[in-house]
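Listed here are the chains, written in short residue letters.
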Number of protein chains: 2
Amino acid sequence: MTTTGPRPPTPTLEQVAALAGVSRATVSRVINDSPRVSPEARDAVHAAVEALRYVPNRMARSLVTRRTDTIALVLSESNTQIFADPFFARIVRGLSARLADTEQNLVLLAARGRREQEKVARYVRQGHVDGVILISLHRDDLLPDLLARSPVPLVLSGRPFDGRPVPYVDADNVGGARAATSHLLRLGRSRIGTVSGPLDMVVGLDRLTGYRAALAAAGAPASPELVAEGDFTEAGGSRAMTRLLGDVPDLDAVFVASDPMAVGALRVLRAAGRRVPEDVAVVGFDDAEVAATCDPPLTTVAQPLDEMTGGLVDLLLEQIGSGGSAAAGSRVCGTALVRRASA
Amino acid sequence: MTTTGPRPPTPTLEQVAALAGVSRATVSRVINDSPRVSPEARDAVHAAVEALRYVPNRMARSLVTRRTDTIALVLSESNTQIFADPFFARIVRGLSARLADTEQNLVLLAARGRREQEKVARYVRQGHVDGVILISLHRDDLLPDLLARSPVPLVLSGRPFDGRPVPYVDADNVGGARAATSHLLRLGRSRIGTVSGPLDMVVGLDRLTGYRAALAAAGAPASPELVAEGDFTEAGGSRAMTRLLGDVPDLDAVFVASDPMAVGALRVLRAAGRRVPEDVAVVGFDDAEVAATCDPPLTTVAQPLDEMTGGLVDLLLEQIGSGGSAAAGSRVCGTALVRRASA
DNA sequence: ACGAGGTGTGAGAGCGTTCTCACCACGCCC
DNA sequence: GGGCGTGGTGAGAACGCTCTCACACCTCGT
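How each quantity is defined
- Residues numbered from 1 in each chain as written.
- Chains lettered and ligands numbered in written order.
- Predicted model: local features only at pLDDT ≥ 70, side-chain atom pairs only at ≥ 80, totals over all residues.
- Heavy atoms only, no water.
- Buried < 20%, exposed > 50% of the residue type's maximum accessible area, 1.4 Å probe, protein only.
- Helix = DSSP H or I, 4+ residues; strand = E, 2+ residues; numbered from the N terminus.
- Pairing = 2+ DSSP bridges.
- Right-handed = clockwise from strand over helix to strand, strands pointing away.
- Near = heavy atom within 4 Å.
- Polar contact = N/O pair within 3.5 Å; in protein donor to acceptor, adjacent residues only side chain to side chain.
- Nonpolar A, V, L, I, M, F, W, Y, C, P; charged D, E, K, R; others polar.
- Core = buried A, V, L, I, M, F, W, Y, C linked by side-chain atoms within 4.5 Å.
- Expected span 1.5 Å × (residues − 1).
- Contact = heavy atoms within 4.5 Å.

Engineer: Can you help me understand the pairing of strand β8 (residues 253–256) of chain A in this one?
Structural biologist: Residue and element names in this part refer to chain A. What you see with β8 is no split at all: Ala253 and Phe255 on one side and Val254 and Val256 on the other are buried throughout. Note that strand β6 (residues 192–196) and β8 share four bridges and pair parallel. When the bridges of β8 are listed, Val195 appears paired with Val256. By the bridge criterion, three bridges tie β8 to strand β9 (residues 281–283) in an arrangement that is parallel. Residue Phe255 lies in a different strand from β9, and its bridge partner there is Val283. Regarding the hand of the β-α-β motif, the stretch spanning β8, helix α11 (residues 259–271) and β9 is right-handed.

Structure (structure tokens):
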């Protein structure tokens, strides 16, 4: 039965102190378990806390400690479909696991469109959080700037677009894409296309750069018709693959810049009667769950996700701990080719 | 160039007041734009705010106003894949759009596993947020109870499992499923199966109940082999459909309890050489984006998502506004069958 | 000309914590 | 037996804001 009277007044430290027969200071000491408290006092306080169902008021505490024990994961993306990307879900999971036995809480802020971005920036600047992990993908995003300007510690997930001196953590996308493409070359393939990510994203560009670098190093520079731009979704991968197959009938391999897109590409290849990997070899990127379960299982480039989320948290906590005086570095994590059946 | 010295001290109301040549109280009035301020004072304050790049400290403000202007969307789900569900993304989008021109900020809290649930509950009880919208799907979830016990206003997205008196907003899942199944009956189908949702979720049960009710009303109660349990994912839909097709070779229609699952089911049907809708008619649920673009376009049950997110926000703000004294009701929103090619 | 009513302003008391001191009682060593 | 650390405690000042008052000033109506 829920009583629907006015909300009961939440008890304060003062009241706990009165009930326990000690001073406010002592209660505070018990709450923050400082060593210098006698066992009797401690017990009395615990009993009083229990009796009153006392919960400390975070606002009051934060006001004096200047910490909120909260860090924000900000997702700046007009396109809501990023939620659907398994990669994003894995980041969230990794971060909250990493913070699980910390004092820190993790909150997600989604900002689509200018108004929401400004709202998020305001939220951050007003001191709701101790630090921000920002996922910002598109070139024209203004949130990185807004947040970098604020005094709140900031770490970027993914290399920033311009050479802005903000610490970040990223996978070696160029290296991974190069390795994937080299692998295809090593298999003896010669007509190697790519389904790239969106080219207004650093990650899209980097993976394309790696692909090109590998081809150039082999003395077989990529021609434009071998490149089809996708959007990191399965449907986009299908579209791009269709385009590619139309333009390059003798295609014998393709590097697809994300696993969801690769799944879409596989579907198109199958529908077109091409066998994978016999006729067309396929390499994906991300080592998403689906890569192991699709047909055929996908050779792909794995990112060390735990290392990356760990890096994000470390870099951020380091800044927070140092009171903003530490110039945190950045971290680029190596990738690994995972061989399965598709190439 | 970012200076990496110690963080600059953030200016306070006091300093703004000094610079503007007025009192703290007047600055406060300007900040909260109260009417009773002379234009000169207002201008002076604005200039000072600008000059010092003053940003009010929310902790201090919240301490006295006892409001945080933040509401939390709590997602209690051990399975991270819910992020991938387009339905969830649409809820987030709807809510933040609804709150866009409010003072309220929206934060997402994800709780997988007991520890994180307790962390979230603590976060809420400590007064970080003014209210909570909770998405909790599974029967054994303890977060609804934890949060209902706290004095923070709460609204559930989706009917709660037991008859707990917590306000909620839900679609009429039973009605929608009944309508979908009736539609299949009206098409003259007689061997109508269903791919249900997980049966430890209210939404899964309700849609199964609706399906059964329609068949019972037609005098053709469902037999057990006509029901295959899915998990709301595309892959799960495929699996369930495969099972169904194996057990019931003469199946001529299927009600699939979510669109992603229906997409998976369509794929299996096609692979099995059944034409849709000629051999097997298919109806989905949710009217997800993919329903319109898949092949064939999916007949499905649409939920009034804007109405639902609006209801969530309204119910919550109502409670918040009344200081917890209002016993908010609940809201069940009607669904609509959207006819496309698949049935 | 004088009080009534409104309008702009500032002083100051909180809000619920933490944290620095100062204090008191010990037991200890020389 | 008188300083001297030392462990436990409480008084009280912050923290940065809001909000209630009281006060000064300015019209008006009479």
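Engineer: Got a minute to help me understand the protein's contact with DNA strand D in this structure?
Structural biologist: Around DNA strand D lies a shell of 27 residues, among which Arg29 and Arg66 of chain A together with Leu13, Ser28 and Tyr54 of chain B are the nearest. Near-protein atoms of DNA strand D (within 4 Å) split between backbone and bases, with sugar and phosphate holding 65%. A distance of 2.8 Å separates a phosphate oxygen of DNA strand D from a polar side-chain atom of Arg66 of chain A. Between DNA strand D and Leu13 of chain B there is a distance of 2.4 Å, counted from a phosphate oxygen to a backbone nitrogen or oxygen. Taken together, the elements giving at least two residues each to the surface near DNA strand D come down to α2 (24–31) and α4 (58–65) of chain A together with α2 (24–31) and α4 (58–65) of chain B. For the surface near DNA strand D, the element with the highest residue contribution is α4 of chain B, accounting for five residues. Per-class residue counts for the surface near DNA strand D are 13 nonpolar, eight polar and six charged.

Engineer: Would you take a moment to explain the nonpolar core for this structure?
Structural biologist: Among soluble globular proteins, nonpolar side chains are generally buried collectively. The biggest cluster of nonpolar side chains holds 142 residues, and the ones touching the most others in it are Phe88 and Met241 of chain A together with Phe88 and Met241 of chain B. Within the second largest apolar cluster, 38 residues are counted, among which are Leu147 of chain A together with Val129, Leu156 and Val166 of chain B.

Engineer: For this particular structure, what's the right way to read helix α13 (residues 305–321) of chain B?
Structural biologist: Since the α-helix advances by 3.6 residues per turn, residues separated by three or four positions end up pointing in the same direction. Residue and element names in this part refer to chain B. Look at α13: 24 Å from first C-alpha to last across 17 residues, which is about the 24 Å you get at 1.5 Å a residue. Among the residues making up α13, those that are buried are Leu305, Met308, Thr309, Gly310, Gly311, Leu312, Val313, Leu315, Leu316, Gln319 and Ile320. Looking at the packing, one finds that the buried side of α13 touches β1 (70–76), α5 (86–99), β3 (131–136), β4 (154–157), β5 (168–171) and β11 (331–333). Looking one or two residues past α13, Gly323 carries a phi angle of roughly 65°, positive in sign.

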